[in-house]
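Examining the three-dimensional arrangement
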Amino acid sequence: MRRRQPLATPGWLALAVALVPLWVAAGATSASASAPAPAVRPLNAPARSAAPASAVEPAARLSFRLLDPPDDVPHHGVWDRIAFGGQAEARFAHDRVAGVGNPDWASVQRVSGFAVARVHDRLWLLGEVAYDRATDDLVVERALVDLRLRETVALHGGVLPLPLGRANLERDAPRGEFTDRSLVATALIGVPSSQLGVGVRGLLRRASFVSYELDAVTGYDDGLIDDSPDGTRVPRGRNGWADNNGIPALAGRIALHPGPGAELGLGALAGPYNRTDLDGVTVDRSRALILAVADGATAVAGVRLAGEAALVTVDVPPGLQPLFAEQQWGASLEAARTLRQPLIGAWARSSLGAALRADAVDFDRAIPGDSKSRLSASANVRPGPSAVLRFGWYYELRRDRFDNPVPAAGLVLSAASYF
Amino acid sequence: MAYLQAGRGRITLPGGPSGTPAKSHEACRPRRPRSHLAWQAIAICALPLVAQGCDKLLTTKPALGERFDQPIAGLDNGELGQFQRGQAQFRRGFTIVEGLGPIFNNRSCVSCHSGDGRGRPENILIRFSRGTDLALDLGGPQIQSQAIPGAVPEQLPTGVDVSHRLPPPVFGAGLIEALPESTILAHADPTDADGDGISGRANWVTPAAYVPATEPGGGAGLRVGRFGRKAQVAPLLQQTVEAYHQDIGITSSYRPSDNLSPLAGMNPDRARDPEVGNGEVSSVVDYLRMLAPPAPGEGTERRRRGEAAFATIRCGSCHVPVMRTGAHEIAALSYRDAALYSDLLIHDMGDGLADNRPDGDADGREWRTAPLWGLRIAREFLSGTLFLLHDGRAHTIEEAILAHGGEAAAIRDAFLALSAEDRAALVDFVESR
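This structure is a prediction, so every number in the text was calculated from the model and none was measured. (Residues numbered from 1 in each chain as written. Chains lettered and ligands numbered in written order. Predicted model: local features only at pLDDT ≥ 70, side-chain atom pairs only at ≥ 80, totals over all residues.)

The helix and strand inventory of chain A stands at 5 helices and 20 strands. Expressed as a percentage of its 419 residues, the buried residues of chain A come to 48%. Contacts in chain A between residues far apart in sequence, at least 24 positions, make up 61% of those at least 6 positions apart. (Helix = DSSP H or I, 4+ residues; strand = E, 2+ residues; numbered from the N terminus. Buried ≥ 20, exposed ≤ 12 C-beta atoms within 10 Å, placed from the backbone. Contact = placed C-beta atoms within 7 Å.)

Structure representation (structure tokens):
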């Protein structure tokens, strides 16, 4: 085995970190920098008296998935106690790999529909079906019962979004600053990733700034090895419907919410991923997948910063070890700033923003190659907070297992909206 | 984030209903045309720069002749389509679900042949036999060092002849295939009749029974081997089928049964055989046929001096600069000069390089003359380091030359006797091929 050389990928991160202060300084002189803080309006507002945003507990306002996930879902309409809505995103791009264009210039990035039923003040049913480019399939991303026992404790069960980082929890297309999710999210964690399971979540104590979630889920399956042509790839083991080995995996997240727009989370999933016997014949022992994700978001001088880092450890069968990675890692850091608001005088909440992201993934820590790093920039026009038109560019450096670089880049135009 | 209130199209904003200007009197303020003009001017000036820079911002295609995976010139549209299909197959990584294994060496063709060039020591193949007996009862003729769950990777048995073989470059295979046997044999001198110390001979091999007679290198009887480190294979189809079967553990109708090690009890994989169709195998064979060798580098003064030295010390006795192809089904391969710098014959290379393992008609000291084409850009696909000779032990041209022995010992000594400038020029010339 070759000795590992310093990976080129952290260079991207260093560059991004260096550029951000310059960009902040430049932006401060030319634009008002006000982050469009999402106003949270409880979904059940029509049924109840409309609660002012300030009536929601501060911690609950800051987190996407605390006690009331339906609160955070924009909806199209309400019929009786059922709210429904959806979102869609189209991507138009000129992508090139080493100068060779990809004829696939238009694609549906994501389209989903959801319904939320308030059966009782404490009991909710949620369902969401989505086609996502990452899964390339129509997938039930959410089909769960949510029982709110107390403000600090809620039980849920069904198909749940895994609490593995902000990217997986905030997967709605119009929310993002970039058309394409980060490499960490797509290539390492496998966003969007939902699994069948049961769990508990809530705040550590009433009015706390610490939220938690702990779920027993089906876990990833052995597709991450058996169905992966490129080496260990966790997304290939994404399986939301069934447990292939009868042993649940544990997934959880704990997050701090120190202030508006700020969050610091630590999530993890651990559990066996493989089948130990096939048709009654024992083929292997139980092998574990551990996936840890740290994520954070804050705003500094009008710049919204968000980052995510993930570490994957896979117990690979000995016969496959040289070709399938046992450890992978990745990180992304993005900075976004509103340059002008309102952009159009008549639309008070229209805005023009810009965002920059650096991200990198090392698919195999044991060798110098098998990695990707990417720099992305995006200019975003938001006619309102629920829709966005993005124009972006990215440059990606892919390294094969020989550590040979292959550049890829693209110009991307996308439109995303809730409906 | 509940931006939408119940009901289509209604937007609730904290500052008031949608469409209401936050400060209506601002709408009456005169515009600042100067500012707008400035932005427009900047935008107009920037557009040509953006257009100019776009190509670089979006990556550029490498020039023709600068890669190993480009098609040979003169292919028609149908052949180019076939080339692309074959390229996709060549790059296809097989999964366990699709039939990878049960024992294997790597997941795809390209994962051994970096960028369609040579491999690295991590991908080295270990061949073994007992003399000319392929030791099938011991799992020969190749160690499969990887295994899917339920199978066990092979271990090298004791008491066998072992040979380490670096995956060779695959470009130019069509030109090699298109060389008439008579052209190759014209350079043979098995008894060293001309007394120059070089006694190259053909490795006469029997094509696999599954290779139809219509296939180049196929048919009954002995054929001139031309592929492999010891020229131990004649048809390109056989080379491809065996690579699928031995290296990736993929069955085809030509080799329909999984490769199982008799020493370690194991079951076949769970994929239905054959795991690739004949069309997929054929597309890879055609792809290999249509791969062009990279273009040689510019002819500088120093390289011309090196070329002269190359000729003076008779490197070209074995590394024959050019051979001409004959008729081939693919017109672009027919009657072309192939500057491969090899005679495709096997030569005694001395004890230092001997693996003491026979292969076909080649003995343990004989190796096929390695083509020198493509050396110019070989480093680019090996993350900067060259791996030369059959096992990758040499990292520079000079190291490779100095490892020559046997028939080439006199030429190696002649190289050492050259002036330092001539040696450097010769190395530069070889590395520019």
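The rest of the description comes next.
Once that is clear, we can look at the overall build of chain B. Summing up its helical and strand segments, chain B has 11 helices and 12 strands in all. Expressed as a percentage of the 433 residues in chain B, the buried residues total 46%. Sequence separation of 24 or more characterises 67% of the internal contacts of chain B that already satisfy a separation of 6 or more.

Residue P342 of chain A is reached from Q341 of chain A by a cis peptide bond, and omega for that bond is 0 degrees. For the peptide bond that leads from G101 of chain B to P102 of chain B, omega is 15 degrees, which places it in the cis range. Within the fold, P102 of chain B resides in the loop between α2 (77-91) and β3 (103-104).

This paragraph deals with the nonpolar core. Judged by nonpolar contacts, the single largest core of 87 residues is most densely connected at Y244, V284, Y287, L288, L291, L340 and L426 of chain B. Beyond its immediate sequence surroundings of up to four residues, L288 of chain B is in contact with V170, A173, G174, L236 and T240 of chain B. One finds A83, I225, V312 and V316 of chain A within the second-largest nonpolar core, a separate group that totals 55 residues. (Core = buried A, V, L, I, M, F, W, Y, C linked by C-beta atoms within 7 Å.)

Now for the pairing of strand β9 (residues 210-217) of chain A. Residues and elements named next belong to chain A. Only one face of β9 is covered, namely the one carrying S211, E213, D215 and V217; the face carrying V210, Y212, L214 and A216 has none of its residues buried. Relative to β9, strand β8 (residues 194-203) is paired through 7 bridges, and the arrangement is antiparallel. From the neighbouring strand, G202 faces β9, where its bridge partner is Y212. Bridge analysis of β9 against strand β10 (residues 249-259) gives 8 bridges, and the strand direction is antiparallel. Opposite V210, over in β10, you have L256 as the bridge partner. (Pairing = 2+ DSSP bridges.)

Residue and element names in this part refer to chain B. It is at 10 Å that the axes of helix α5 (residues 236-248) and helix α6 (residues 278-290) come closest, and there the two elements cross at 125 degrees. When the axis of α5 is compared with that of α6, the two are oblique. Handedness of the α5/α6 crossing: right-handed. Of the residues in α6, those touching α5 at L236, L237, T240, V241 and Y244 are V281, V284, V285, L288 and R289. A breakdown of the residues in the contact of α5 with α6 according to their chemical character gives 8 nonpolar, 1 polar and 1 charged. (Axes fitted to C-alpha atoms, helices over the stretch in contact; angles between N-to-C directions. Parallel < 35°, antiparallel > 145°, perpendicular 65-115°, else oblique. Left-handed = near helix turned anticlockwise from the far one by under 90°. Nonpolar A, V, L, I, M, F, W, Y, C, P; charged D, E, K, R; others polar.)

What follows deals with the environment of S286 of chain A. Residues and elements named next belong to chain A. With respect to the secondary-structure elements, S286 resides in the loop between β13 (281-282) and β14 (288-300). Overall, the presence of 14 C-beta atoms within 10 Å leaves S286 in the partly exposed class. Sequence separation of S286 and V159 is 127 residues, and the distance between their C-alpha atoms is 24 Å. Each residue touching S286, except ones within four places of it in the same chain, is listed here: N245, I247, P272, N274 and T276.

Below, the discussion takes up the packing of α2 of chain B against α6 of chain B. The geometry of a pair of packed helices is captured by two quantities: the angle between their axes and the separation between those axes. All names here are of chain B. Between α2 and α6, the least distance of the axes is 7 Å, while the angle of their chain directions is 110 degrees. Looking at the two axes, α2 sits roughly perpendicular to α6. The two elements α2 and α6 cross, and the hand of that crossing is left-handed. Taken together, the residues of α6 that come into contact with α2 (itself represented by E79, Q82, F83, R85, G86, Q87, Q89 and F90) are E280, S283, V284, D286, Y287 and M290. The class makeup of the residues in the contact of α2 with α6 is 5 nonpolar, 5 polar and 4 charged.

Residue and element names in this part refer to chain A. Of the strand pairs in this sheet, strand β2 (residues 82-97) and strand β4 (residues 106-120) are connected by 11 bridges, and their pairing is antiparallel. Among the inter-strand pairings, A83 is bridged to a residue of β4, identified as V116. One ladder, built from 10 bridges, connects β4 with strand β5 (residues 123-132); its direction is antiparallel. Each residue of the ladder has a partner; that of V116, found in β5, is L126. Once β4 ends, the chain turns through 2 residues before running back antiparallel as β5.

With respect to the helices, strands and loops of the structure, G302 of chain A is situated in the loop between β14 and β15 (303-314). As a C-alpha pair, G302 of chain A and R337 of chain A span 35 residues in sequence and 6.4 Å in three-dimensional space.

Time to look at α2 of chain B. One full turn of an α-helix is made of 3.6 residues, so residues set three or four places apart face in the same direction. Residues and elements named next belong to chain B. Look at α2: 21 Å from first C-alpha to last across 15 residues, which is about the 21 Å you get at 1.5 Å a residue. Turning to α2, its buried residues number three or more, namely Q82, F83, G86, Q87, Q89 and F90. The buried residues of α2 all sit within an arc of 160 degrees when viewed along its axis, so they share a single face. Facing away from the buried side of α2, by more than 90 degrees, are the exposed residues N77, L80 and G81. In this structure, the buried side of α2 is in contact with α6. (Expected span 1.5 Å × (residues − 1). Arc of directions from axis to C-beta.)

Turning our eyes to something else, we now look at the confidence of the model for chain B. Residues and elements named next belong to chain B. Model confidence for chain B is summarised by a mean pLDDT of 89, while 89% of its residues fall at 70 or above. pLDDT under 50 marks residues 1-32. Its contacts with residues more than four places away, or in other chains, come to 42 contacts. Here the prediction assigns the complex a pTM of 0.85, and the interface score ipTM is 0.84. (pLDDT = per-residue confidence, 0-100.)

All names here are of chain A. Considering the arrangement of structural elements, one finds R287 in the loop between β13 and β14. Given 18 C-beta atoms within a 10 Å radius, R287 is considered partly exposed. It is 13 Å that separates the C-alpha atoms of R287 and V312, two residues lying 25 residues apart in sequence. Apart from the residues lying within four places of it in its own chain, the contact partners of R287 are P272, Y273, N274, D315 and P317.

Residues at a pLDDT of 70 or more form 82% of chain A, whose mean pLDDT is 83. For the stretch residues 1-70 of chain A, pLDDT sits under 50, and the model shows 122 contacts to residues farther than four places along the chain or on other chains.

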